[in-house]
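Spelled out, the chains give:
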Number of protein chains: 2
Amino acid sequence: MYDRLKGFRDFYPEEMAARREIIDTVEEACRRYGFRETASPHLERAEMWTDKSGEDIVEELYAFEDKGDRHVTLTPELTPTVARMVAAKQQELSKPIKWFSTRPFWRYEQVQQGRFREFYQTNIDIFGTDDPRADAEVIALGAQLLVDLGLDADDFEFRVSHRDILGAVLRSFDADVDVREAVRAVDKSDKLDENEYYDLLVDAGLSYEQAATFDERLSATTVETLDELAAFAGTEAARDAIDNLVAVLDAVEEFGASEYCELSLETARGFDYYTGVVFECFDATGEVSRSVFGGGRYDDLIESFGGESTPAVGFAPGYATLPLLLERAGVAPEESLSTDYYVLQVGDTESEAASVTRELRAQGYVVETDISDRSFGAQLGYADSINAETVVIVGENDLADGNYTLRDMETGDQETVPVSEFPE
Amino acid sequence: MYDRLKGFRDFYPEEMAARREIIDTVEEACRRYGFRETASPHLERAEMWTDKSGEDIVEELYAFEDKGDRHVTLTPELTPTVARMVAAKQQELSKPIKWFSTRPFWRYEQVQQGRFREFYQTNIDIFGTDDPRADAEVIALGAQLLVDLGLDADDFEFRVSHRDILGAVLRSFDADVDVREAVRAVDKSDKLDENEYYDLLVDAGLSYEQAATFDERLSATTVETLDELAAFAGTEAARDAIDNLVAVLDAVEEFGASEYCELSLETARGFDYYTGVVFECFDATGEVSRSVFGGGRYDDLIESFGGESTPAVGFAPGYATLPLLLERAGVAPEESLSTDYYVLQVGDTESEAASVTRELRAQGYVVETDISDRSFGAQLGYADSINAETVVIVGENDLADGNYTLRDMETGDQETVPVSEFPE
């Protein structure tokens, strides 16, 4: 008996029904917002990741040599692939390009609760516009899909920040700061105590005093105090970044998603490639402690993959974490099957039962019938196991009288209907 | 600029829209027939394939050592995986188990028209019943999904055969026949001339005279002459196999799918693991020369993967070949985007346009609006490129009069509607 690989999952029908409902809801929201589905290879040249060294992701690649001696890898994320796709048809594609895609990805990570080696995400991106409304549309869609899943403003919050504000404020200090290192420290800050956090900022080039000032400036910030922060930083870059963030938040309001957002400059996102607005979705109750998903603007990435300079903004809800929030809020879809009709055969009624089954299916119902030559009781037990709403009993005696019997499986009530009147 | 791997495909939105329509139609038919969706790992232990040596498939594996020194492979087919899943929950699962799953698979093959190294299939199987109605339900579903895709009985045919009939007839000859070799010869026969075919049968142990008799017996067979064939073979095994095939064809008739089926004992399916009824779907006009898809009964396979003895029957339409038939018949879905509304902003109407957009999306429509700060003409061009049905023009002047303008993009007709009456 072979075993499944560690960190990989089988989804049996009940669990899959719940997952399918979640994925369908997310994709349906994407479609309404005018995002278009794409699909793409699950295997790519490993160089798409290894050429940009220094990322943890490279150590987690499922990479190997294929039979043609190509160095290939299972894709650990979608971004380089969509970057390749956009670059390949840069001229033909009308902008903005609004794409989504639900797929598995693979990373050789430590397996833990809610973290697997094979995981599924819907990647949602807009390419070809740096207008604040694009950032806002992405955030509004992020909120919409959670609302469509049954959540409300008390359940989740989007913490919105801007990479360039962090950078500009850091650069405004009289110090030789490694901005990338300092931003990574910010990203980790909520998992660290103050001393550890400040140590990392000092490692990045700030003095302790500057680290404390920086921390205070970020933590005290609300929309109203952004102007003070711009004045404190005193650079055009800081001013521009703050103006951009405010414009995005204004557009978020116009798209009706303000109530789900709060300004949080301490939100930084772990990836180096973000360039503008970044956001992370959190459980508002804090019970699910990790970020549910996150995203942001990454205007330099397409070019770094050999395309033309192409602004981009996106996010990627994942189906390992999202259900944790839905469960916490009590709105996770039920893990159960649903069936409209089970057509039960009693005696030599195979032909009539097949005919009823066929007609009901033609009307669009989910229908099963006996294909195992089983007893009345066994068929009724099976109908119950698949949560059949109604059992159509096709029995010899009833048929002789020109009738079927319909049994409501919830109440147990039965009624007799003439053959000529069912299915309607 | 990185290139895509050979034999792998990118699906851009237009092509994907058509594929999605096909996949949705197939899955919707599966659901109506009471099949339940599952999902499963795309990477498995390579031993699940390499332990059963001798198959071409082993040479085509994308296999490698993972970072934990496991010998793993991208899955080239679903059967061993579902066998593992069924075996793992044999007691819990209520029978019959009716599953479907749409997924990519990978084989390192020669790339040619309609054959890729990454390909997508919907695997559809019933486990846990050897009743002829199960075979028939699978065949009826196969026909149903093609009908749902817009095909009719003039477009395709299911050639139905039975492995045990071939085996029983072969064994009835006074010769030491390698049945597996002979069945493989039958599977290849339509690509060979008579001499080549007979040579293969002789290699498998028949004399030339026996080969000719065998060929004649198979080719002359209709439902009516099956009894003669049973008498010719003269064994209980042949009688049982023929009775089983007739029972399946009777049940196919009850499920209303007879018109799509014909008896064809020369249909053998290339895989060794089939044990009973097998079928292949062909283009009735012959224009698409290869089998569109095929399937059959494989009662021994689950046990061979360490499970309990579990009868099984299934098939797997693939999305490289299926579209070829749809195109030939002129019913392939259009490769184009569809959009209900584009909300066009003229002047400082961002806020009103966002509000209209939001309302239309809340009503379930597919809606886009300007997120690139573009001119009237550029917006109209974009609306055209995404096939917007209606453009809602939100202009400053109109707004001052309390109106929007609706433009029908097919006719070019425009009408003015009061803000209070739109969206309805």
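What counts and what doesn't
- Residues numbered from 1 in each chain as written.
- Chains lettered and ligands numbered in written order.
- Predicted model: local features only at pLDDT ≥ 70, side-chain atom pairs only at ≥ 80, totals over all residues.
- Heavy atoms only, no water.
- Domains from an automatic or database assignment.
- UniProt positions renumbered as here; feature names shortened; annotations may be inferred.
- Helix = DSSP H or I, 4+ residues; strand = E, 2+ residues; numbered from the N terminus.
- Contact = heavy atoms within 4.5 Å.
- Pairing = 2+ DSSP bridges.
- Axes fitted to C-alpha atoms, helices over the stretch in contact; angles between N-to-C directions.
- Buried < 20%, exposed > 50% of the residue type's maximum accessible area, 1.4 Å probe, protein only.
- Buried area = accessible area lost by both parts, 1.4 Å probe.
- Salt bridge = Lys/Arg side-chain N within 4 Å of Asp/Glu carboxyl O.

**A few points about the domain arrangement of chain A**
Often, the extent of an interface is quoted as the loss of accessible area upon association of its parts.
Move 1: When the domains of chain A are assigned, the result is domain 1 (13-40 + 78-328) and domain 2 (339-421).
Move 2: Measuring from the centre of the C-alpha atoms in domain 1 of chain A to the corresponding centre in domain 2 of chain A gives 52 Å.

**Let's talk about the UniProt feature "binding site: L-histidine" (unreviewed entry) in chain A**
All names here are of chain A.
Move 1: UniProt records the feature "binding site: L-histidine" (unreviewed entry) at Glu77, Leu78, Thr79, Arg107, Gln121, Asp125, Arg269, Tyr273 and Tyr274, using the numbering of this structure.
Move 2: Here Asp125 lies in strand 6 (residues 118-127).
Move 3: Excluding its chain neighbours within four sequence positions, the residues that come into contact with Asp125 are Phe35, Ile97, Lys98, Trp99, Tyr298, Val313, Gly314 and Phe315.
Move 4: Of note, Arg269 is situated in the loop between strand 8 (261-263) and strand 9 (277-283).

**Let's talk about the sheet that holds strand 8 of chain A**
All names here are of chain A.
Move 1: If you walk across this open sheet you meet the 8 strands as 1-5-6-11-10-9-7-8, and the pairing is mixed. Each end of this open sheet is capped by a strand with a single partner; those strands are strand 1 (36-37) and strand 8.
Move 2: In terms of strand pairing, strand 5 (residues 97-106) meets strand 6 through 10 bridges, oriented antiparallel. Across the sheet, Lys98 pairs through a bridge with Ile126, a residue of strand 6.
Move 3: The strands touched by helix 6 (residues 163-172) are strand 7 (156-162) and strand 9; relative to strand 7, the strand with the most contacts, the crossing angle is about 45 degrees.

**Considerations on the side chain of Glu137(A)**
Move 1: Positionally, Glu137(A) belongs in helix 5 (residues 132-148).
Move 2: On the basis of relative accessibility, which here comes to 0%, the residue Glu137(A) falls in the buried class.
Move 3: Those residues in contact with Glu137(A) that sit more than four places away from it in its chain are Tyr33(A), Phe35(A), Lys98(A), Ile126(A), Phe255(A), Arg361(B) and Ile371(B).

**Side note on the environment of Gly347(B)**
Residue and element names in this part refer to chain B.
Move 1: Here Gly347 shows up in the loop between strand 12 (339-346) and helix 14 (350-362).
Move 2: You can call Gly347 exposed: its relative accessible area is 54%.
Move 3: Remark: the alpha-carbon pair of Gly347 and Val394, spanning 47 residues in sequence, is separated by 8.6 Å.

**Re the interface of chain B and chain A**
Move 1: Between chain B and chain A, the residue contacts involve 97 residues of the former and 98 residues of the latter.
Move 2: Interface of chain B and chain A: buried area, both sides summed, is about 8,500 Å²; carbon and sulfur atoms make up 57% of it.
Move 3: Here chain B is connected to chain A by 18 salt bridges.
Move 4: For Arg133(A), the salt bridge is made with Glu350(B), and the minimal N-O distance between the two is 3.8 Å.

**Remarks on the pattern of salt bridges**
Move 1: Following the criterion strictly, the structure yields 53 salt bridges over all chains and no others.
Move 2: Where Arg133(B) meets Asp131(B), a salt bridge forms, and the shortest distance between an N and an O atom there is 3.0 Å. Comparing Arg133(B) with Asp131(B), the two get one shared label, buried.
Move 3: Here the residues in one salt-bridge network are Arg36(A), Lys98(A), Glu137(A), Arg361(B) and Glu368(B), joined through shared partners.

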